[in-house]
Amino acid sequence: MRESALDDMYDALHDQGGILAVIPFLLAAAGRADLPGRAEVVELLAAVGARDGEPGPAEERVVEAVRAAFPLFASLLHDPEPAVRAAACEALAVCRGDAARAVGKLGERLPVETDADVRAAIVVALGTIGASGGLTAEAGSRVAARLAGVAVEHADPAVRLAALAELAGFAPKALPDDVPSVAVEGFAQLYAEDAPTVGPAGREVADRRAYRLLTRLSGRLEDRVEDRTRLLVPLLESADWAARLDAVQAAEPVIEHWRGDHRELVRLIGHQLLSPEPRLPPVAATALRYLGPVAGPAADALARSIDAAPREAPHTTRDGPPAWITTWRPGSSTTGPTVRALAASRDPRAVEPVLWALERPEPPTDIGHVVRALGPLAAGFVPLVRARLRDRWTPDSAHDGLLVALGELGEAAASAVPDIVRHLPERAALRALRALGAHAAVAAPALRDLLGHAEPRVAVDAAAALWRVEGDADRVLPTLLGHLDRVTAVEVIADLGPAAAGYLPALRALLDRPDPAGWRELHVARALWRAAGDAEAALPLLTAAWHRNPHVRVAVVRCLAEMGPAAAPAAPMLREELARRRRHTSTGSGWSSDQVVADEELQRLCRDVLAAF
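Predicted, not measured: the structure shown is a model, and the values here were computed from it.

Give a description of the overall build of the protein that names residues and reports values.
When helices and strands are tallied, the protein shows 34 helices and three strands. Summarising its shape, the C-alpha atoms of the protein cover approximately 85 × 60 × 50 Å along the three principal directions. When burial is assessed residue by residue, the protein has 52% of its 613 residues classed as buried. When contacts within the protein are restricted to residue pairs at least 6 apart in sequence, those whose partners lie at least 24 apart make up 64%. The positive charge centre, built from 68 side chains, and the negative charge centre, built from 82, are 2 Å apart in the protein.

Below is the structure:
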C-alpha cells in the first residue's frame, strides 16, 4: 500500500497545488520515528525540492516548502535507520538557501558515520551542493578541497570513489593527478571486500554498488576518454568476473558516444565473449553489436564465439555465447548480436551464419539489414534473396531490408530487378532501383508508370529512381517541379547538374521557408554548385545546414568534397568538427544504431577533404 501511494504521489508531481497541500503531511510522516517507509518519503521530498525546471509561483511555493524543512532533514542525519540517513543527505542537498549550513552538517557527520552507503550519500550530497552554485567561491573551494582529501585518504573505497566522481563533476581541477590509478586501486579493494563476505545470491546485489560508482565516475569524466580507457582496461583484465561485467557495461557508452582510440577496449570486450561466466558473453555481444568496423579488434573473438554458440535460442542475459538467432516468441526471431557485429565489420566468417539464417523457413525479421551490412560479401546471396522476396512468409521488415540490400550490391543484383519491380510502389523497392541505377534498366517502364501516382511520395521517389536508371532530365522534371514541397524532389533536381540551371530561382524561393532539419538548404546548395558552380551562394547554405542539424553533416561534407578548392573557406568548420570529442549525433540522452558508423564516416570524410584542400 505504501509503494502504491508513493507511485501515485510521484505521478502527481505536476499538480503543484496538490503537492503543496500534502507536503506538511509528508514532513510529519518523515519526522515520526515509529512509522515505516520514512526513507522513501524523504526521497520523495528531495525529488520535489530539486525541481528547478518549471519556474512559476506555484512551483516556487512547492520547492520552498520543502527547502524550509532544513532543520528536520539535518536531524534525520542522526536517525537510527541508515536508509533514512542516506535519504536525508539527498534532501539536504536541495536546501539551496541553507547550502553552507548543509555542508557543515554533512561534513560533521562523515567522520562518525558507520554505514558505507550513507557515507557515500554524504559525499554525493557535498558534490551536489558544490555544483549547485549555492555556495560562495571560497566555500565551494573548501568543499572541493575536502572531497579531494576524501578521494585519496578515506579508508572506505566506496567513499573515495564517490568523491572522485563528484570532483569530476563540479571541480575537475581538484582531482588527483592520476585519476585512473587512484580509481583502479579503489575498485580493486571494493571488489575484493565484497567477494568473500556474500554468497552467490547476494554477490550480484552487492556488486551493483560498484557498478553505480563506476558508471558515475566514468560518466562524469566525459571527454577525458584516455582517462576513462585507463580506468576501464584494468577492470576488463581483472580476474573478478563481476568487475569485468561492470566494465563492459561502463565501456559501452564511452565507445558509442565519444571519439578516441577504442581498440583496446573493443579487444578486451571481445575477450568476454569467451568467458565461462555465463552472464558476460551476452553483455559483451550487446556492446559490440552496432560498432561496424570499430568492432574489428574483436573480430577473432566474435568468430570463435559464433563457432561455440547454439544456432538458435530464446533471449537471455545469462546463458553464455549468444545464439546465431534469438527467438522471442513463436514465429518471431532476430539475428544474434555476435553475428550482427561480425557482419557489420564485413568479416568473411560472418557469411556462413548469415546464410543459414537467410535459409530458415522463417528468417529473422532483421535479416535484410544484416545482409546489407555484409556489403559485397553478400553478392552470392542474390539467388536466395530473390527466392525470399517471393516467399509470402518472409516478414515485411525482412523484405524491406532485403530490397535495400539488393540495391547496394550493384551489378551483382541486376538479375533481381524483376523481383524488385514486383514490390513497387513500396518505398524500399523504389530505393533499391534508385541505388541500382543503370543496372535496373528493365525497370524503366514500371517507373514511368508511377510518375503520375496519386501519392506524392511515390511519384517523387519514382522520379528519383528513373533519373538514376535513365538519366533523362526532361522526363522526370515535370514530376519533380510539381512536388517541390518534398525534400526528395529538391535533392533529385540538385542531382540533375547543369540541366537544373533554369530552375534555380524556384529553388532559391524555397529558402523563404527554412527547413528546421536543414535538408532543404543542403540540396539547394548542391543545386547551386552543380548547376551554376556558385560556391559563394552554396557555402553559407551548407554551413547553416551543418549547424542546424548534426545528422546532415555527412551529406554536407560530401558536397564540400565535390566542390574541391572552392570549399576551402569551410576548412575551419571541418577542423572544429575533428577537434570535438563527442560523436556528432550524440546528445547524451539519445541513441541510434548507426551513431558510431556514421560518425566514423564523418571523421574520415573531413580528413579527406582537408587533405585535398
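Summarise the packing of aromatic side chains; cite the residues concerned and give the values.
One pass over the structure, following the stated rule, counts two aromatic pairs. Aromatic pair Trp324 and Trp356: ring centres 5.7 Å apart, planes at 80°, arrangement edge-to-face. Placement of the pair is Trp324 in the loop between strand S1 (312-314) and strand S2 (325-329) and Trp356 in helix H19 (residues 351-359), with a sequence separation of 32 residues. In terms of burial, Trp324 and Trp356 fall into one category: buried.

Describe the nonpolar core, and please don't skip the residues or the numbers.
Core analysis: the largest hydrophobic core is formed by 213 residues, its most contacted members being Phe73, Phe187, Leu560 and Met563. Considering each element in turn, this core owes the most residues, ten residues, to helix H10 (residues 157-170). Not counting residues up to four positions away in its chain, the partners in contact with Met563 are Trp529, Ala535, Ala538, Leu539 and Leu542.

Can you break down the pattern of salt bridges residue by residue, with the values?
Scanning all chains against the criterion turns up 50 salt bridges. Arg263 is the partner of Asp261 in a salt bridge, and the nearest nitrogen-oxygen pair spans 2.7 Å. A relative accessible area of 46% places Asp261 in the partly exposed class. Judged by relative accessible area, Arg263 falls into the exposed class, the value being 56%. Its salt-bridge partner being Arg583, residue Asp599 comes within 2.9 Å of it at the nearest N-O pair. Here Asp599, found in helix H34 (residues 595-612), pairs with Arg583, found in the loop between helix H33 (571-579) and H34; they are 16 residues apart in sequence, far enough to count as distant. Taken as a pair, Asp599 and Arg583 share a single burial class, namely buried. The network of salt bridges with common partners includes Arg259, Arg553, Glu577, Arg580, Arg583, Asp599 and Glu600.

How would you explain the sheet that holds S2 if you had to name every residue and give the values?
With respect to topology, three strands assemble into an open sheet ordered S1-S2-S3, the strand pairing being mixed. Single-partner strands in this sheet number two, and they are S1 and strand S3 (332-335). Sheet twist, expressed as the average angle between the axes of neighbouring strands with direction ignored, equals 35°.

I'd like to hear about helix H21 (residues 382-389), residue by residue, with values.
Every α-helix carries 3.6 residues per turn, so stepping three or four residues along brings you back to the same face. Taken residue by residue, H21 has Val382, Val385, Arg388 and Leu389 as its buried positions. Projected down its long axis, H21 carries its buried residues within an arc of 120°, all on one side.

Hey, could you go over the pairing of S3 for me, with residue numbers and the actual values?
Direction of pairing for S2 relative to S3: antiparallel, over a ladder of four bridges. Residue pairing in the sheet places Thr327 in a bridge with Ser333 of S3.

How would you summarise the side chain of Asp599 if you had to cite specific residues and measurements?
Note on Asp599: relative accessible area 0%, which makes it buried. Not counting residues up to four positions away in its chain, the partners in contact with Asp599 are Arg259, Arg583 and His584.

Account for the side chain of Arg244, with residues named and values stated.
The residue Arg244 is located in helix H14 (residues 241-257) in this model. Put simply, Arg244 is tucked away with no salt bridge, and the nearest opposite charge, on Asp240, sits 6.5 Å away. Leave out the neighbours within four places in its chain, and Arg244 touches Leu235, Leu236, Ser238, Ala239, Gln272, Ser275 and Leu280.

Can you tell me about the confidence of the model for the protein, naming the residues and giving the values?
In the predicted model, the protein carries a mean pLDDT of 92, and 95% of its residues have values of at least 70. Note on residues 196-202: pLDDT under 50 across the span, and two contacts to partners over four residues away in sequence or across chains.

Outline unusual backbone geometry, supporting the account with residue identities and numerical values.
The step from Leu424 to Pro425 runs through a cis peptide bond, and the omega angle for that step is 5°. Here Pro425 lies in the loop between helix H23 (417-421) and helix H24 (427-436). Positive phi, normally seen in glycine, also occurs at Arg346, with a value near 55°. For Arg346, the position within the fold is in the loop between helix H18 (337-344) and H19. With relative accessibility at 44%, the residue Arg346 sits in the partly exposed group.

Could you give me a rundown of the state of the cysteines, with the residues and numbers involved?
Applying the stated rule across the entire model yields zero disulfides. In this structure Cys606 is not part of a disulfide, and its nearest cysteine sulfur, from Cys559, lies 13 Å away.

I'd like to hear about the environment of Ala121, residue by residue, with values.
Along the polypeptide, Ala121 turns up in helix H8 (residues 116-132). It is 14 Å that separates the C-alpha atoms of Ala121 and Asp79, two residues lying 42 residues apart in sequence. With sequence-adjacent residues up to four places away left out, Ala121 is seen in contact with Ala86 and Cys89.

For the pairing of S2, give the residues involved together with the corresponding values.
Bridging between S1 and S2 involves three bridges; their strand directions are parallel. The residue bridging Glu312 from the neighbouring strand is Ile325, located in S2. The turn linking S2 back onto S3 is made up of two residues, and Gly331 within it adopts a positive phi angle of 85°.

Now, about the environment of Leu175: what can you tell me, with residues and values included?
Counting through the fold element by element, Leu175 comes out in the loop between H10 and helix H11 (179-194). Sequence spacing of Leu175 and Arg372 is 197 residues, and the spatial spacing of their C-alpha atoms is 47 Å. Those residues in contact with Leu175, other than ones at most four positions away along the chain, are Leu164, Leu167, Ala168, Leu221 and Arg224.

I'd like a description of the packing of helix H9 (residues 137-153) against H10, backed by residues and values.
Across the interface, H9 lies against H10 with an axial gap of 7 Å and an inter-helix angle of 145°. Where H9 crosses over H10, the handedness of that crossing is left-handed. In contact with Gly140, Val143, Ala144, Leu147, Ala148, Val150, Ala151, Val152 and Glu153 of H9, H10 contributes Val159, Arg160, Ala163, Leu164, Glu166, Leu167 and Phe170. Looking at the contact of H9 with H10, its residues break down into twelve nonpolar, one polar and three charged.

How would you summarise a negative patch on the surface if you had to cite specific residues and measurements?
Together, Glu3, Asp7, Asp8, Asp11, Glu40, Glu43 and Glu90 make up a region of like negative charge exposed at the surface. Of all the elements in the fold, those that place two or more residues in the negative patch are helix H1 (2-11) and helix H3 (38-49). Among the elements that make up the negative patch, the one with the highest residue count is H1 (four residues). When you line up the elements, Asp7 lands in helix H1. Note on Asp7: relative accessible area 48%, which makes it partly exposed.

What counts, and at which threshold
Residues numbered from 1 in each chain as written. Predicted model: local features only at pLDDT ≥ 70, side-chain atom pairs only at ≥ 80, totals over all residues. Heavy atoms only, no water. Helix = DSSP H or I, 4+ residues; strand = E, 2+ residues; numbered from the N terminus. Buried < 20%, exposed > 50% of the residue type's maximum accessible area, 1.4 Å probe, protein only. Contact = heavy atoms within 4.5 Å. Lys, Arg positive; Asp, Glu negative; His and termini not counted. Charge placed at Lys NZ, Arg CZ, Asp CG, Glu CD. Phe/Tyr/Trp six-rings, centres within 6.5 Å; stacked < 30°, edge-to-face > 60°. Core = buried A, V, L, I, M, F, W, Y, C linked by side-chain atoms within 4.5 Å. Salt bridge = Lys/Arg side-chain N within 4 Å of Asp/Glu carboxyl O. Pairing = 2+ DSSP bridges. Axes fitted to C-alpha atoms, helices over the stretch in contact; angles between N-to-C directions. Arc of directions from axis to C-beta. pLDDT = per-residue confidence, 0-100. Disulfide = S-S within 2.5 Å. Left-handed = near helix turned anticlockwise from the far one by under 90°. Nonpolar A, V, L, I, M, F, W, Y, C, P; charged D, E, K, R; others polar. Patch = residues over 30% accessible without salt bridge, like charges linked within 9 Å, V, L, I, M, F, W, Y side chains within 5 Å. Areas by Shrake-Rupley, 256 points an atom, 1.4 Å probe, with all protein chains shown as cover.

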